[in-house]
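Below are the chains, spelled out letter by letter.
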Amino acid sequence: MEALLRVITGPWTIYILWVLSEQGPQRFGATKRLVPGISTRVLTERLRMLEHAGVVWREQAMTIPPAVTYGLTERGAELRGVLDTLGSIARRWEAEGAFDGTARSAE
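Residues numbered from 1 in each chain as written. Predicted model: local features only at pLDDT ≥ 70, side-chain atom pairs only at ≥ 80, totals over all residues. Heavy atoms only, no water.

1. Considering the sheet that holds strand β3 (residues 67–72)
Quick reminder of the rule: Each pair of strands is called paired provided DSSP finds at least two bridges between the two strands. Strands here are runs of E lasting at least two residues and helices are runs of H or I lasting at least four, both read from the DSSP assignment and numbered beginning at the N terminus. In this analysis, two residues are considered to be in contact whenever any of their non-hydrogen atoms come within 4.5 Å of each other. In this analysis an axis means a line fitted to C-alpha atoms, helices contributing only their contacting stretch, and an angle means the value between N-to-C directions, from 0 to 180 degrees.
Strands sit in the order β1-β3-β2 across an open sheet of three strands; the sheet is antiparallel. Here the strands that pair on one side only, and so sit at the sheet edges, are β1 (26–27) and β2 (56–61). As judged from the six bridges shared by β2 and β3, these two strands associate in the antiparallel manner. In the sheet register, Ala-61 faces β3, and the bridge partner there is Ala-67. Along the sheet face, helix α2 (residues 13–23) touches β1, β2 and β3 and points at about 90° away from the line of β3.

Quick look at the structure:
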């Protein structure tokens, strides 16, 4: 469990995996737009780490500029259930105002 958590709990990592799970394979620029607030450097680092861990694949077309696409590997796809659950919780909490300070307490 510790090794898995080291891979998926870095800054922005779950969000990147969720985007690739929800949207399918994405070019680097599209991924950056779908993860608002992430810097190019951090996105590059996270994608490289995920690729090294075998969770994300990378494909580069030899064009100018290079077209680089990322997607989930079979290993990454194993996380879809967890990512879907987290996405559902995030949408529900947002609807309940949990992220804007207007949340009602659960009783």
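2. Thoughts on α2
Defined as follows: For every residue, the accessible area obtained with a 1.4 Å probe (protein chains only) is divided by the maximum for its type, and the residue is called buried under 20%, exposed over 50%, and partly exposed between those limits.
Listed as buried for α2 are Thr-13, Ile-16, Leu-17, Val-19, Leu-20 and Ser-21. Following α2 by one or two positions, Gly-24 adopts a phi angle in the positive range, close to 80°.

3. A short note on the nonpolar core
Selection rule: Throughout this description, the term nonpolar core refers to a set of buried Ala, Val, Leu, Ile, Met, Phe, Trp, Tyr and Cys residues connected via side-chain atoms within 4.5 Å.
In this structure, Ile-16, Leu-17, Leu-47, Leu-50, Val-55, Val-56 and Tyr-70 are the most contacted members of the largest nonpolar core, which totals 21 residues. For Val-55, the contacting residues outside a window of four places in its chain are Val-7, Leu-17, Leu-50, Gly-71, Leu-72, Thr-73, Arg-75, Gly-76 and Leu-79.

4. Notes on the packing of aromatic side chains
Here is the rule we go by: Between 30 and 60 degrees the pair is tilted, below 30 it is stacked and above 60 it is edge-to-face, where a pair is any two Phe, Tyr or Trp rings, Trp via its six-membered ring, whose centres lie within 6.5 Å.
Applying the stated rule across the entire model yields three aromatic pairs. Between Trp-93 and Phe-99 the ring centres are 6.4 Å apart and the planes differ by 45°, which places this aromatic pair in the tilted class. Under the relative-accessibility criterion, Trp-93 is labelled partly exposed at 41%. An aromatic cluster of at least three residues, connected via ring pairs, comprises Trp-12, Tyr-15 and Trp-18.

5. Considering the UniProt feature "domain: HTH hxlR-type" (unreviewed entry) in the chain
Definition in use: UniProt positions are given in the numbering used here, feature names are shortened, and annotations may be inferred rather than shown by experiment.
According to UniProt, the feature "domain: HTH hxlR-type" (unreviewed entry) maps to residues 1–98 in the numbering used here. The span residues 1–98 is 59% helical and 14% strand by assignment, and the distance between its end C-alpha atoms comes to 29 Å.

6. Section: the side chain of Arg-46
For clarity, the cut-off: Two residue types count as positive, namely Lys and Arg, and two as negative, namely Asp and Glu; His and chain ends fall outside the count. For this document, the term salt bridge refers to a Lys or Arg side-chain nitrogen within 4 Å of an Asp or Glu carboxyl oxygen.
When you line up the elements, Arg-46 lands in helix α4 (residues 40–52). Glu-45 is the oppositely charged side chain nearest to the buried, salt-bridge-free Arg-46, at an N-O distance of 5.5 Å. Residues contacting Arg-46, with those up to four places away along its chain left out, are Gly-10, Pro-11, Thr-13 and Ile-16.

7. Focus: the packing of α2 against α4
Formally: Orientation labels follow simple angle bins: below 35 degrees gives roughly parallel, above 145 gives roughly antiparallel, 65 to 115 gives roughly perpendicular, and whatever is left gives oblique.
At their nearest, the axes of α2 and α4 sit 10 Å apart, and the two run at 75° to each other. Here α4 runs roughly perpendicular to α2, going by the angle between their axes. Contacts between α2 and α4 pair Thr-13, Ile-16 and Leu-17 from the former with Leu-43, Arg-46, Leu-47, Met-49 and Leu-50 from the latter.

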